[in-house]
Structures are given as C-alpha cells and as structure tokens.
Amino acid sequence: MDFQPLHYIYIPSQTQNARTLLLLHGTGGDERDLLPIAQNLGKDYNILSVRGNVLENGMPRFFKRLGMGIFDEKDLEFRTHEMISFLRETSKKENFDASKIIALGYSNGANIAGASLFLEPDFLDGAILFRPMQPFKDKLPLSNQKNTPVLLTSGKNDPTVNPNDTENYIGLLKKAGFETAHFELNTSHNLTQQDIQIASEWLDKHFG
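Residues numbered from 1 in each chain as written. Predicted model: local features only at pLDDT ≥ 70, side-chain atom pairs only at ≥ 80, totals over all residues. Heavy atoms only, no water.

Q: What's the story with the sheet that holds strand β11 (residues 179-185) in this structure? I'm lost.
A: Within a beta sheet, neighbouring strands are joined by backbone hydrogen bonds and run either parallel or antiparallel to one another. Taken in spatial order, the seven strands of this open sheet run β1-β3-β2-β8-β9-β10-β11, and their pairing is mixed. Edge positions in the open sheet fall to β1 (8-11) and β11, since each of these has one partner strand only. Put simply, the sheet's adjacent strands are angled 15 degrees from each other on average, direction ignored. Examined bridge by bridge, strand β10 (residues 149-155) and β11 share seven bridges and lie parallel to one another. Considered in β11, the bridge of Leu-151 is made with Ala-181. The strands touched by helix α2 (residues 73-94) within the sheet are β1, β2 (19-24), β3 (45-50) and β8 (101-106), with β1 carrying the most contacts at an inclination of about 40 degrees. Lying over the sheet, helix α5 (residues 193-207) contacts β2, β3, β8, β9 (126-130), β10 and β11, oriented at roughly 170 degrees with respect to β10. (Pairing = 2+ DSSP bridges. Helix = DSSP H or I, 4+ residues; strand = E, 2+ residues; numbered from the N terminus. Axes fitted to C-alpha atoms, helices over the stretch in contact; angles between N-to-C directions. Contact = heavy atoms within 4.5 Å.)

As structure tokens, this is what we get:
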C-alpha cells in the first residue's frame, strides 16, 4: 500500500507507561488545533496530534468526500488503514505503547476515528468522538473483543448531523461490543466547554 506519513506533534508525558491521546482535527484544522483541549484533560497522557493528508480547497482533511455529508468511503477506508499503519510506526519511533491509544476527534477527525472502530475494532483503547457521523453507510463494524469505551457528543442544533443517523450509529457500535456513552448538547456543530468537561469526566472514569 502506498501509505504516506502524517505531519504530527508529539508531547510525551512525564508519567511512566502513559496512555496516548491521539488528536484528530476537523476540516480546515491542523495538528495544533486541539492541543488546548488536550491540556485541559490532564498531564498523565502523551499527546500525539496529527494533520490529515487530504486537501479540500486548501483545507486539511483526513479523507475525501463527494459532497457535504457524503463520504468517499473507498478513500476513507484507505486513509484509515494509512493512519493506523502510521500510528504503529510512530509508536516505535517515539516510544509509546500502540495498544494504549485513545482517539479524540472532532468532526472530520471523529469520523476517521470512527472508521477505525469499524475496520480495526480492537486497535484503539478508547475513543472520544465530538460531532461524529457514521463513517460507512453499508459496512458494519467488526466485532470488538475488549468492550472498548466510546464517547460521542452531538449538538441538538447541528445542521450537518441527523439525530436519527446518530442513534443508528450508536446502535451499531453497541451491537459490535463497544461500551458507548452519548451526550446531546444544546449547541450546534461547534465545540463547547461542556464537551471538554464531559470528556474529562469520561477519561477519569475509564482511564483515571
């Protein structure tokens, strides 16, 4: 496979055997976007923040889309495997445990994190998905053997995500064996302080 490396920022924790927070930005963001959020989630995590390899009108993304809310699923599958390969290689280079990665993704970043749950369900140790959409329309997630915890937050007034689709997505994850938690917030597609607070409490509960 013709995989390309991703640009990234890595900040190691001073904590021994720390888990790694994988930060995945939204469309038009980069590897610096979510660093302030990670700094609100404690110092006990390594931080690995990456930039998507796809450009859409000059804006970085993690995979191509055919239109608003319509994913290029073939590219999404390729880019998901590309990212997982990159993470395994980078874990050796930066000396962190590839089995202890927690993804934190916003919008487009949440969607590639979600795709990894479908394609390699036991790879991530956990996932925080802010404003996600179901990554594949007809592909079902493979069975998760670890009861991996997944947090999803959505906005009640988000014009880009259909609430019924979110419920279907959650149902698929639960059926595959993921331990899901979902919060619907009184906001739109933008992130809020409430998202960060919920994520912080969820991390403490599962990984504290």
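Q: Would you take a moment to explain the UniProt feature "domain: Phospholipase/carboxylesterase/thioesterase" (unreviewed entry) in the protein for this structure?
A: UniProt tags residues 13-206 as "domain: Phospholipase/carboxylesterase/thioesterase" (unreviewed entry). The annotated region residues 13-206 carries 35% helix and 25% strand content, and the separation between its end C-alpha atoms amounts to 18 Å. (UniProt positions renumbered as here; feature names shortened; annotations may be inferred.)

Q: Can you help me understand helix α3 (residues 108-119) in this one?
A: Structural remark: α-helix, 3.6 residues per turn; residues separated by three or four positions point the same way. Over its twelve residues, α3 extends 17 Å from the first C-alpha to the last, a length consistent with the 16 Å expected when each residue adds 1.5 Å. The buried fraction of α3 is high, at twelve of twelve residues. Here α3 has its buried residues at Asn-108, Gly-109, Ala-110, Asn-111, Ile-112, Ala-113, Gly-114, Ala-115, Ser-116, Leu-117, Phe-118 and Leu-119. (Expected span 1.5 Å × (residues − 1). Buried < 20%, exposed > 50% of the residue type's maximum accessible area, 1.4 Å probe, protein only.)

Q: In this structure, what is going on with the environment of Pro-149? I would like to understand it.
A: The topology assignment puts Pro-149 in strand β10. Between the C-alpha atom of Pro-149 and that of Lys-64, which follows or precedes it by 85 residues, the distance is 27 Å. Those residues in contact with Pro-149 that lie beyond four places of it in its chain are Asp-125, Gly-126, Ala-127, Glu-179, Trp-202, His-206 and Phe-207.

Q: I keep staring at empty space enclosed by the protein and nothing clicks. Help me out?
A: Which parts of space are left empty comes out when a probe the size of a water molecule is rolled across the atoms. Summed over the entire model, instances satisfying the criterion amount to one cavity of 30 Å³ or more. As a volume, the largest cavity reaches approximately 40 Å³. Every residue along the wall of the largest cavity is listed here: Leu-6, Asn-53, Phe-62, Arg-79, Glu-82, Met-83 and Ile-112. No other element matches α2, which puts three residues into the lining of the largest cavity. Residues that form the lining of the largest cavity fall into these classes: four nonpolar, one polar and two charged. (1 Å grid on protein atoms, 1.4 Å probe; cavity = no way out; pocket = protein on both sides within 12 Å on 5 of 7 lines; lining within 4 Å. Points joined across faces, edges and corners; volume = space filled by probe spheres on them. Nonpolar A, V, L, I, M, F, W, Y, C, P; charged D, E, K, R; others polar.)

Q: Which parts of the structure should I look at to understand the packing of aromatic side chains?
A: Describing an aromatic ring pair means giving the distance of the ring centres and the angle of the ring planes. All chains considered together, the criterion is met by seven aromatic pairs. Their ring planes at 25 degrees and their centres at 5.4 Å tell us that Tyr-10 and Phe-96 sit as a pair that is stacked. Placement of the pair is Tyr-10 in strand β1 and Phe-96 in the loop between α2 and β8, with a sequence separation of 86 residues. Neither residue differs from the other here; Tyr-10 and Phe-96 are each classed as buried. Here the aromatic cluster, defined as three or more aromatic residues joined through ring pairs, consists of Phe-118, Phe-136 and Tyr-169. Here the guanidinium or amino end of Arg-61 rests over the ring plane of Phe-63, the centre of that ring lying 5.1 Å away. Over the ring of Phe-136 we find Lys-139, and its NZ or CZ is 5.5 Å from the ring centre. (Phe/Tyr/Trp six-rings, centres within 6.5 Å; stacked < 30°, edge-to-face > 60°. Lys NZ or Arg CZ within 6 Å of the ring centre and 35° of its normal.)

Q: What is the right way to look at the pattern of salt bridges in this model?
A: Any two side chains of opposite charge can pair, given that their charged atoms come close. Within this structure, the stated rule accounts for eleven salt bridges. Note that Lys-139 and Glu-77 form a salt bridge whose closest N and O atoms lie 3.5 Å from each other. One end of the pair, Lys-139, is in the loop between β9 and β10; the other, Glu-77, is in helix α2, with 62 residues separating them in the sequence. Put simply, Arg-131 and Asp-195 hold a salt bridge, and the shortest N to O gap is 2.9 Å. With Arg-131 in the loop between β9 and β10 and Asp-195 in helix α5, the pair connects residues that are 64 residues apart, well separated along the chain. A single burial state applies to Arg-131 and to Asp-195, both of which are buried. Among the ionic contacts, a cluster of salt bridges with common partners joins Glu-56, Arg-61 and Arg-65. (Salt bridge = Lys/Arg side-chain N within 4 Å of Asp/Glu carboxyl O.)

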